[in-house]
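Results of the structural survey
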Amino acid sequence: MEKIKIQPKKLPAKLAVLISGRGTNLQAIIDGIKGGEINATIEIVISNNPNAYGLERAKQANIPTKVIDHREFSTREDHERAILSVLAPLDIDLIVLAGYMRILTPLFIRPYYGRIINIHPALLPAFPGTHAQKQALEYGVRISGCTTHFVDEGTDTGPIILQKAVYVRQDDTEETLSQRILKYEHILMKKTIQLFCEGRLTLDGRKVIIEGIKSIEELGL
Ligand code: GAR
């Protein structure tokens, strides 16, 4: 299979961030851009949920927002077409799913394959889908963590970019484990976007090659 180098057309990279909720990962991106860790701009924040607190975070940072409520569309595809039509004129380099809780269909993914990333609160391929931290606790794993990956047509099945392991404590609740994982989600999110901005990501089938390192251990996450 052909290798595909994934990179922005020019810098700063143009991001669109899709959210559904409180938006702490969005905040990490906003802060990463402000602090000079990420060479990008957020062109728009789109939420399917009109009450998502992340919308307030975007407004505070003077980022345009758009609510596209899935409940107003009769099919998943119609909802996605509405999002695509908002994105089309913005010349977006990378779509970031930051706690976006809707599964995307091929209609959305195909035109953007390799340019959509997601963050997931478990070590994929373990515990895909919703409530990953609860799934991990109930299974009894000793180690969980978080993963960033390119989005493909499955649920949390796309090529893995970065992962960070987090120990599960015997007295963990869903909340305490989620909180410890979240801290590393923010770190992974920022690093993943910056690797993209630096043009260091190459897709080789379902593997991602990161230029300049042998192991992600070297990134000191
Ligand atoms: C994060 O923990 C993210 O990994 C998870 O939702 C949370 C959103 O938090 N995403 C998924 O579970 C996707 N399947 P945030 O709104 O504070 O960024």
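What comes next is a walk through the structure. No experiment lies behind these values; they were computed from the predicted model shown.

Quick notes on the rules
- Residues numbered from 1 in each chain as written.
- Predicted model: local features only at pLDDT ≥ 70, side-chain atom pairs only at ≥ 80, totals over all residues.
- Heavy atoms only, no water.
- Salt bridge = Lys/Arg side-chain N within 4 Å of Asp/Glu carboxyl O.
- Helix = DSSP H or I, 4+ residues; strand = E, 2+ residues; numbered from the N terminus.
- Buried < 20%, exposed > 50% of the residue type's maximum accessible area, 1.4 Å probe, protein only.
- Near = heavy atom within 4 Å.
- Polar contact = N/O pair within 3.5 Å; in protein donor to acceptor, adjacent residues only side chain to side chain.
- Areas by Shrake-Rupley, 256 points an atom, 1.4 Å probe, with all protein chains shown as cover.
- Nonpolar A, V, L, I, M, F, W, Y, C, P; charged D, E, K, R; others polar.
- Axes fitted to C-alpha atoms, helices over the stretch in contact; angles between N-to-C directions.
- Parallel < 35°, antiparallel > 145°, perpendicular 65-115°, else oblique.
- Left-handed = near helix turned anticlockwise from the far one by under 90°.
- Contact = heavy atoms within 4.5 Å.

The next point concerns the pattern of salt bridges. Pairs can form between side chains of opposite charge whenever their charged atoms are close. Counted under the stated rule, the structure contains ten salt bridges. A salt bridge links lysine 5 to glutamate 211, with the shortest nitrogen-to-oxygen separation between them at 3.5 Å. Separated by 206 residues along the polypeptide, lysine 5 in strand β1 (residues 3-6) and glutamate 211 in the segment after β10 (207-210) bring together distant segments of the chain. You can call glutamate 211 partly exposed: its relative accessible area is 47%.

This paragraph deals with the environment of methionine 1. Along the chain, the position of methionine 1 falls in the segment before β1. Between the C-alpha atom of methionine 1 and that of aspartate 204, which follows or precedes it by 203 residues, the distance is 7.0 Å.

To continue, consider the site of the ligand. All residues in the neighbourhood of the ligand are listed as Arg22, Gly23, Thr24, Asn25, Gly99, Met101, Ile119, His120, Pro121, Gly129 and Glu185. Here an oxygen atom of the ligand and a side-chain polar atom of arginine 22 are 2.6 Å apart. Take glycine 23: an N or O atom from its main chain is 2.8 Å from an oxygen atom of the ligand. Against a free-state accessible area of 450 Å², the protein chains account for coverage of 90% of the ligand. Taken together, the elements giving at least two residues each to the shell around the ligand come down to α1 (24-34) and β6 (116-120). Looking at the shell around the ligand residue by residue, the class counts come to three nonpolar, six polar and two charged.

This paragraph deals with the packing of helix α5 (residues 132-139) against helix α6 (residues 174-197). A packed helix pair is summarised by two numbers, namely the angle formed by the two axes and the spacing between the axes. At a minimum axis distance of 9 Å, the contact between α5 and α6 shows a crossing angle of 120°. The orientation of α5 relative to α6 falls into the category oblique. Viewed along their axes, α5 and α6 form a crossing whose handedness is right-handed. Here α5 contributes Gln133, Lys134 and Leu137 to the contact with α6, which in turn contributes Glu174, Leu177, Ser178 and Ile181. Classifying every residue of the contact of α5 with α6 gives three nonpolar, two polar and two charged.

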